[in-house]
Amino acid sequence: MKGVSEWLEARTGWLGAARRLLWEPLPGGVSWRRSWLAGLGFLFLVQAVTGFFLLSGYGASTQTAWESVFHLQFQTPGGGWLRGLHVVAAQAFVVGLALHLLQVVLAGAYRAPRELNLWLVLVLLPLALAQSVTGWLLPFDQKGYWAARVPLNIVGVVPGVGPALQALLVGGAEVGHATLTRFLALHVTVLPLAIGGLWWWLWRLDRRADHAGAAVATAGRPAAGWWPDQALRDAVVCLAVLVALLGIVQGLRLREEDGVFPELLAPADPAEPFAAARPEWFMLFLFQFLKYFPAGTEVWGAVVIPTVVFLVVAAMPWIGRWRLGARFNAAFMLGLALGAVTLGVLAWREDRANAQYPAAVRAAREAGARARALAAGGIPPAGALELVRTDPWLQGPKLFARHCAGCHRYDGHDGMGGIPADPPSAADLKGFASREWLAGLLDPARVATAHYFGGTRFAQGRMVRFVQRDVAGFNEAQRAALAKVIAAVSAEAALPAQAEADARDAELIAEGRDLIRTREMKCTGCHQFRQPDEDAIAPDLTGYGSRAWLMDFLRDPAHARFYGRRNDRMPRFGVEELLSESELGLLADWLRGEWPGTGDR
Amino acid sequence: MSSQTETGDGGAPRREFLRGAAAAVLGGVALAVPLGTGVQVWLQPLRAPRGAGAWSRVTRLTALPADGVPRRFLVSAEQVNAWTRLPRRPVGAVYLRRTGESQVQALHATCPHAGCPVEYTPARSGFLCPCHNSTFAVDGSVNDPASPSPRGLDTLEVEIRGGDEVWVRFQNFRAGVREKIPA
């Protein structure tokens, strides 16, 4: 063993170097304060270690980024913890660096010859922020996508080089494959190498005797080396940092009702606005700050003022030489910290007071949970966005709100839970074609309300007249027959929610089908049912409410099979190409409550 | 080693050793946790279940020559590649050979030596691997003591369903070993 070490030492000198590192005297002796830097180094190391394993499972493209992160976090044991540690350590690193800067300035630890003590931290801070920004985009969910667009746009407003720099970072005109590969390359090579190198430099500076500064006052004690006393303190701090990290990750997992941390919202979708877009909590102050700059002056808030602040802090070693200079520095720094905290709190309170923001966050989380549930069933080669875009549960309400809620309602709202300003002027379609819905339509008390025909030109039409005169006068036996007719018409829809009832009542439904054509029930006087009827003036009852019927109806409600020339204001969505075939299908599926898995709305 | 140990009293070296050991243990634990979390994720492939093989319909009996000459067929199946569920598409090849009126033998078309695709050579009425010249008889057995392959071609389970549909349970086996171990 000894022979080996001597052989190696003779050729490399590594052992001597290691010994010097371990036992080199620490100016000012052992102290807990020194361990702050060790704690920061440990946070960096945690990110590097967890980062390697995250990288092992990551695919940098718009069809694989979200998907690979999903697979790692939810389908690989330990993956959730891995991502959790990485995210929390990254946030703690930025905050720890900022506090370190504050401490350096307040303690005046930037006075000659310790200027680098300040400048290195001042360079590390933006690098750590760049690390955060590049890291946010990589999971490529809605949050990461929209959060990364803001800094990219800020880069774009930098005078002169801005647009070119932005194009280089994005790797093209739009955020896409090239953005992910470029961000990943920065995030895992240049940035961490620079941060690690600068940290090492900072750590080594701490050992220089001429850097001891105020600590020299305690030089009465014999100079101790790093090993073992300082090492023990550093190790205790590192362990405490780890315990804190684990506690935070576990706490955040428990806080979320679904136990998901870090959050993974729905896959990034440039076409899908994301009202819940906010930067990470420690960047909220900058987000708030930018709100105060009217259009055209963003460059002041995003570039000029931060640059001036940066330069002032960098100049502190010189400012500090003046009388009152050190006090100015300390006051400036405290003012910055106080300002940042105030702006952060303001941003947070504004969001809390705003009714739309929590709703947007809730909607984003629901969409995220749905996307994850869909992805758990297997992701197609085109990516998870394909799953999201073809999911009736997610897309139906949006289509309804956009195209239908001008007249119709869904359970009283616009499909997304909003209440339009204008009152409804067409039927409420929640449960369309179900027995309950049809029973309401055939109820003399309800048929002419806004829930059914009240708002339409059919309010005084034949159907309303039939219900209000004929049905109102039905005797016991006729009402029983009507119930069968309702069951039979509803069975035409084959609604998933009614599958059991339809199977159970097969006999009753068969009777109802025969009753539809009786003179007593009068249905076929206006409607066509199972047999072509050229004189039919009301919508076809054959397959009423089924997927095919609904799609045909949406395509052209003015078709002879439906309302013909008597059609009210309902747009011919297919004929006029207002909706694509796939959109018609999504809308029909959603109205019918037909979607994979469970989802309540 | 350090100046402190030499100047201290008798108990100092031991206390110093204890402090050093404590530092090493605490620091080690702190680093081991993130490292362990990562290693757990990284070692996932070792815990993944071995592929049991899925049944696929390969062809019809009528497509197989009555004289027992093997024919090569592609086997299609759905596959899961990490996070992607791939639709049905070719995942490998088999040689099918009639051994009776309605009896079929299925051989994996991959050489068990180093995993190259084998070819049926009518002139030899056997299989030849173009990589290292492993040779196999028509029934898949090693037919030459000089053949580098450690075992014969891997047979696969075959079922004739509905009278003439040939179904094969396709799976891969580890190359380079004597035993037929699912991969």
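To be clear, the structure that these remarks concern was listed above.
Report follows, based on the coordinates. Not measured: the values here are computed from a predicted model.

**Observations regarding the interface of chain A and chain B**
- Between chain A and chain B, the residue contacts involve 38 residues of the former and 28 residues of the latter.
- Of all the secondary-structure elements, those providing two or more residues to the side of chain A that touches chain B are helix 3 (35-56), helix 4 (65-75), helix 5 (79-106) and helix 10 (226-255) of chain A.

**So, the packing of helix 3 of chain A against helix 5 of chain A**
All names here are of chain A.
- In the contact formed by helix 3 and helix 5, the axes pass within 9 Å of each other and the chain directions differ by 150°. In terms of axis orientation, helix 3 runs roughly antiparallel to helix 5. Here helix 3 runs over helix 5; the crossing is left-handed. Here helix 3 contributes Trp36, Gly39, Leu40, Leu43, Phe44, Val46, Gln47, Thr50, Gly51, Phe53 and Leu54 to the contact with helix 5, which in turn contributes Leu82, Arg83, Leu85, His86, Ala89, Ala90, Ala92, Phe93, Gly96, Leu97 and His100.
- Class assignment for the residues of the contact of helix 3 with helix 5 results in 14 nonpolar, seven polar and one charged.

**Brief notes about the sheet that holds strand 9 (residues 165-170) of chain B**
Residue and element names in this part refer to chain B.
- A sheet is described by the order of its strands in space; here six strands give the open sequence 1-9-8-4-3-2, paired in antiparallel fashion. The two strands at the open ends of the sheet, each matched to only one other strand, are strand 1 (54-60) and strand 2 (71-81). This sheet shows a mean twist of 35° between the axes of neighbouring strands, independent of strand direction.
- Two elements, strand 4 (residues 103-108) and strand 8 (residues 155-161), share two bridges in a ladder whose sense is antiparallel. Counted as the bridge partner of Leu107 is Thr155 from strand 8.

**Side note on the pairing of strand 2 of chain B**
Residues and elements named next belong to chain B.
- As defined by bridge partners, strand 2 adjoins strand 3 (residues 84-100) across 10 bridges and the pair is classed as antiparallel. In the strand pairing of strand 3, Val80 is matched with Arg85.
- Here strand 2 folds back onto strand 3 in antiparallel fashion, the turn holding two residues, of which Ala82 has a positive phi close to 50°.

**Concerning the packing of helix 6 (residues 115-137) of chain A against helix 7 (residues 142-156) of chain A**
All names here are of chain A.
- Closest axis-to-axis distance for the helix 6/helix 7 pair is 7 Å, and the angle between their directions is 140°. In this view, helix 6 runs oblique relative to helix 7, as classed from their interaxial angle. With respect to the hand of their crossing, helix 6 and helix 7 are arranged in left-handed fashion. Across the interface between the two elements, Val133, Trp136 and Leu137 of helix 6 pack against Gly144, Tyr145, Ala147, Ala148 and Pro151 of helix 7.
- Grouping the amino acids of the contact of helix 6 with helix 7 by side-chain chemistry returns seven nonpolar, one polar and no charged.

Conventions used here
Residues numbered from 1 in each chain as written. Chains lettered and ligands numbered in written order. Predicted model: local features only at pLDDT ≥ 70, side-chain atom pairs only at ≥ 80, totals over all residues. Contact = placed C-beta atoms within 7 Å. Helix = DSSP H or I, 4+ residues; strand = E, 2+ residues; numbered from the N terminus. Axes fitted to C-alpha atoms, helices over the stretch in contact; angles between N-to-C directions. Parallel < 35°, antiparallel > 145°, perpendicular 65-115°, else oblique. Left-handed = near helix turned anticlockwise from the far one by under 90°. Nonpolar A, V, L, I, M, F, W, Y, C, P; charged D, E, K, R; others polar. Pairing = 2+ DSSP bridges.

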